[in-house]
Amino acid sequence: MPQLICPLCHEPLHAPVHDVEAVSSSRSWQCANHHNFDVAKEGYLNLHLVQHKKSRDPGDNPDMVKARRAFLQANYYQPLRDAVADLLSPLHAESLLDIGCGEGYYTSHFRLFIDDVIGLDIAKTAIQLAAKKFKNITWLVGSGAMLPLADCSVDIASSMFSPLPVAEMARVLKPEGFVLVVTPAPTHLWTMRQGLFDEVLAHEPDKFLLGFEELFTLHRRSEVSFPLRLPNQALKDLLLMTPYVWKAKPEKRAALELRDEFETGAAFNLMLFQKKA
């Protein structure tokens, strides 16, 4: 497993057992300076320090997390998950860090073709759900601003609809390692956004390219799109799990949630970057 580090002193973290394969194999982890971190009953490790938090409960709230779990487990976004697997599996990586992993839908799929998978999210509720359902994965509560991994310790870092801590990803990646970035394509959920806003603006995935130029090269890029026919509850779950709903007028959201069925289209931009030598 890639080396975890202490969020206080950045020294390596070790479990008091030998041949550890996952965080849940031990009840606590400790660094050389005797900073201790206990494994929660669900099997995850909380490495997000109170003094580093900007709010009491950072990240997605429990309702958003539950909505995302319900929507994704119904496999509405399976074409995206399959496209990501097709992109990453030929790399024959041994380890992957999924930043902003949420409740683990995509992270768990990575485990099918990568031996050591770490899921990290700032939302403790999301990690709790992930750790309960998906085993043989290292689940961490932590921030992308300070990834709790040693330098040059992981083959792939992924960020799907999550913040992009470019410098931190470069630090933890092995030489010539890869970063997967998934963002909404220009027309993603266009008709749903038409129902929420007076004016709909196209997403701009190219705006992320500039931030990678110094440390990475663009290795491969693709787009995946597919139609969505959503019953009422799935539509409500999708609304709740997206950032659009908080910017929409309440009356427009309410009108949309009255629909028995709704058709829209999902469209995603996939970019695979490689760390410069």
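Refer to the structure printed above.
Residues numbered from 1 in each chain as written. Predicted model: local features only at pLDDT ≥ 70, side-chain atom pairs only at ≥ 80, totals over all residues. Heavy atoms only, no water.

Draft legend 1. A look at the side chain of Glu-103. By the element assignment, Glu-103 lies in the loop between β4 (95-99) and α3 (105-110). A relative accessible area of 2% means that Glu-103 is categorised as buried. Among the polar contacts listed, one links the side chain of Glu-103 to the backbone nitrogen of Tyr-105, at a separation of 3.3 Å. (Helix = DSSP H or I, 4+ residues; strand = E, 2+ residues; numbered from the N terminus. Buried < 20%, exposed > 50% of the residue type's maximum accessible area, 1.4 Å probe, protein only. Polar contact = N/O pair within 3.5 Å; in protein donor to acceptor, adjacent residues only side chain to side chain.)

Draft legend 2. Focus on helix α7 (residues 232-241). With seven of ten residues buried, α7 is to be regarded as a mostly interior element. Of the residues making up α7, those classed as buried are Ala-234, Leu-235, Asp-237, Leu-238, Leu-239, Leu-240 and Met-241. Structurally, α7 contributes buried residues whose contacts are with α1 (62-73), α6 (190-196), β9 (216-231), α8 (244-247), α9 (250-257) and β10 (261-275). (Contact = heavy atoms within 4.5 Å.)

Draft legend 3. A look at the nonpolar core. Tyr-77, Leu-80, Val-84, Trp-139, Met-192 and Phe-268 are the most contacted members of the largest nonpolar core, which has 49 residues in total. Once you skip the residues sitting within four places of it in the chain, Trp-139 turns out to touch Tyr-44, Leu-45, Cys-101, Gly-104, Thr-107, Gly-119, Ile-127, Ala-130, Ala-131 and Phe-134. Ranked by size, the runner-up nonpolar core spans 31 residues in total, among them Cys-6, Leu-13, Leu-47 and Met-271. (Core = buried A, V, L, I, M, F, W, Y, C linked by side-chain atoms within 4.5 Å.)

Draft legend 4. Structural detail: the sheet that holds strand β6 (residues 138-141). An order of β3-β6-β5-β4-β7-β8-β10-β9 is seen for the eight strands of this open sheet, with the pairing classed as mixed. Sheet topology places β3 (45-46) and β9 at the edges, where each strand pairs with a single neighbour. Pairing analysis gives six bridges linking strand β7 (residues 154-160) to strand β8 (residues 173-184), with the strands arranged parallel. Paired with Val-154 across the bridge in β8 is Leu-173. Against the sheet, helix α4 (residues 124-133) makes contact with β3, β5 (116-121) and β6, and its axis sits at roughly 165° relative to β6, the strand it touches most. (Pairing = 2+ DSSP bridges. Axes fitted to C-alpha atoms, helices over the stretch in contact; angles between N-to-C directions.)

Draft legend 5. Here's a closer look at the packing of aromatic side chains. In this structure the tally under the stated criterion is ten aromatic pairs. Each ring, one from Phe-71 and one from Tyr-77, has its centre 5.1 Å from the other, and the planes form 85°; the classification is edge-to-face. Of the residues examined, Phe-71 reaches a relative accessible area of 0% and is grouped as buried. Judged by relative accessible area, which is 4%, Tyr-77 ranks as buried. Summarising the aromatic geometry, the rings of Tyr-77 and Phe-226 are spaced 6.1 Å apart at their centres and angled 75° between planes, so their arrangement reads as edge-to-face. Of the two residues, Tyr-77 is situated in the loop between α1 and α2 (78-88) and Phe-226 in strand β9; the sequence distance between them amounts to 149 residues. As far as burial versus exposure is concerned, Tyr-77 and Phe-226 are alike and both buried. Of the aromatic side chains, those joined through ring pairs into one cluster are Phe-71, Tyr-76, Tyr-77, Phe-161, Phe-226 and Phe-268. Above the ring of Trp-246, the side-chain terminus of Arg-253 is found at 5.9 Å from the ring centroid. (Phe/Tyr/Trp six-rings, centres within 6.5 Å; stacked < 30°, edge-to-face > 60°. Lys NZ or Arg CZ within 6 Å of the ring centre and 35° of its normal.)

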